[in-house]
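# Chains, contacts and geometry: an overview
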Amino acid sequence: MRRRTSVAAVAAMVAVVAAGATPASAETTVGTRGWVPAPQGSFEQPAGARCDFAIRSEPVRDEVRKLVLDTNPDGSPRRELYAGDLIVKVTNTDSGASTQVDASGTAMIEYYPDGSQTWYANGPALFGFRQDGGTLPRGYWLIDGQYMMEFSPTFYKTLTMVHGTTHNVCEDLD
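This section reports on the structure supplied with the text. (Residues numbered from 1 in each chain as written. Predicted model: local features only at pLDDT ≥ 70, side-chain atom pairs only at ≥ 80, totals over all residues. Heavy atoms only, no water.)

### Quick look at the nonpolar core
If you look at the biggest cluster of nonpolar residues, it comprises 16 residues, and the most contacted ones within it are Phe53, Val90, Val101, Leu126, Tyr140 and Val169. With 3 residues, strand β6 (residues 86-92) is the largest single contributor of residues to this core. Not counting residues within four places of it along the chain, the set of residues in contact with Val90 comprises Arg56, Ser57, Ala97, Ser98, Thr99, Val101, Tyr140, Val169 and Leu173. Residues Ala107, Ala125, Phe127 and Leu136 belong to the second largest nonpolar core, which totals 12 residues. (Core = buried A, V, L, I, M, F, W, Y, C linked by side-chain atoms within 4.5 Å. Buried < 20%, exposed > 50% of the residue type's maximum accessible area, 1.4 Å probe, protein only. Helix = DSSP H or I, 4+ residues; strand = E, 2+ residues; numbered from the N terminus. Contact = heavy atoms within 4.5 Å.)

### Brief notes about the layout of surface pockets
Over the atoms a probe the size of a water molecule is rolled, and this reveals where empty space is left. The volume enclosed by the largest pocket comes to roughly 830 Å³. Taken together, 35 residues form the lining of the largest pocket, with Gln40, Leu86, Trp119, Leu126 and Phe127 sitting closest to its centre. Class assignment for the residues of the lining of the largest pocket results in 21 nonpolar, 10 polar and 4 charged. (1 Å grid on protein atoms, 1.4 Å probe; cavity = no way out; pocket = protein on both sides within 12 Å on 5 of 7 lines; lining within 4 Å. Points joined across faces, edges and corners; volume = space filled by probe spheres on them. Nonpolar A, V, L, I, M, F, W, Y, C, P; charged D, E, K, R; others polar.)

### As for the environment of Gln45
Residue position: Gln45 is located in strand β2 (residues 43-45). Each C-alpha atom of the pair Gln45 and Ser57 lies 8.5 Å from the other, and the pair is 12 residues apart in sequence. Discounting chain neighbours no more than four positions away, the residues touching Gln45 are Arg50, Ala54 and Ile55.

### Some words on the sheet that holds β6
In space, the 4 strands of this open sheet follow the order β2-β3-β6-β7, with antiparallel pairing throughout. Sheet topology places β2 and β7 (98-102) at the edges, where each strand pairs with a single neighbour. Averaged over all adjacent pairs, the angle separating strand axes in this sheet is 25°, with direction ignored. (Pairing = 2+ DSSP bridges. Axes fitted to C-alpha atoms, helices over the stretch in contact; angles between N-to-C directions.)

### A short note on unusual backbone geometry
Residue Asp132 is not a glycine yet carries a positive backbone phi of 55°. In this structure, Asp132 sits in the loop between β10 (125-129) and β11 (139-151).

### Remarks on the environment of His163
Among the secondary structure elements, His163 is positioned in strand β12 (residues 157-168). Those residues in contact with His163, other than ones at most four positions away along the chain, are Asp144, Gly145 and Gln146.

### Some details on the pairing of β7
Burial of β7 is one-sided: the residues Thr99 and Val101 facing one way are buried, the residues Ser98, Gln100 and Asp102 facing the other way are not. The pairing of β6 with β7 spans 5 bridges and is antiparallel. For Ile87, the partnering residue across the bridge sits in β7 and is Asp102. The hairpin formed by β6 and β7 contains 5 residues between the paired strands, and Gly96 there has a positive phi angle of roughly 90°.

### Describing the state of the cysteines
Enumeration according to the criterion identifies 1 disulfide in this entry. Disulfide pairing places Cys51 opposite Cys170 at an S-S distance of 1.9 Å. One quick way to see it: the torsion about the S-S bond of Cys51 and Cys170 is about -75°, and its sign makes the bridge left-handed. Here the residue Cys51 occupies a position in the loop between β2 and β3 (55-62), and Cys170 occupies one in helix α3 (residues 170-173), the gap between them amounting to 119 residues. Of the two residues, Cys51 and Cys170, neither departs from the other in class, the shared state being buried. (Disulfide = S-S within 2.5 Å.)

As structure tokens, this is what we get:
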């Protein structure tokens, strides 16, 4: 059974942790090893997958780190925090047009036994949406503000915005 957490409460906790404080639960959780690097990889998507054209996404500055807050009995993470600078270069591989995007948000992610997950986020992050794959149209979306992103076991994405903005980066590369 999922435990529903208030987006506002989690956003406040995420903001405190991102500022450098250590939550009490992180100090007492078995298996927590402190903040560790969480590098973001490069990837390519063919035309039509996210944008009308093929794209490449690659980190230019990647200082993302994660902190395991809670683990399952098997040692796998149940809740993690992600924070740190992330600047991503997104390129239209057909035309060569590119843009740099600041995706340096902070998120607490809860993982569920059925493979679903919920992100409680504060600040900018990039999310790819496939055709009919979520509550936003197909695209490569920069989402900024305070929001919750739920992933179903099939990775259907449901965005619940508390406040903020959405921008399809594909529009900058067309």
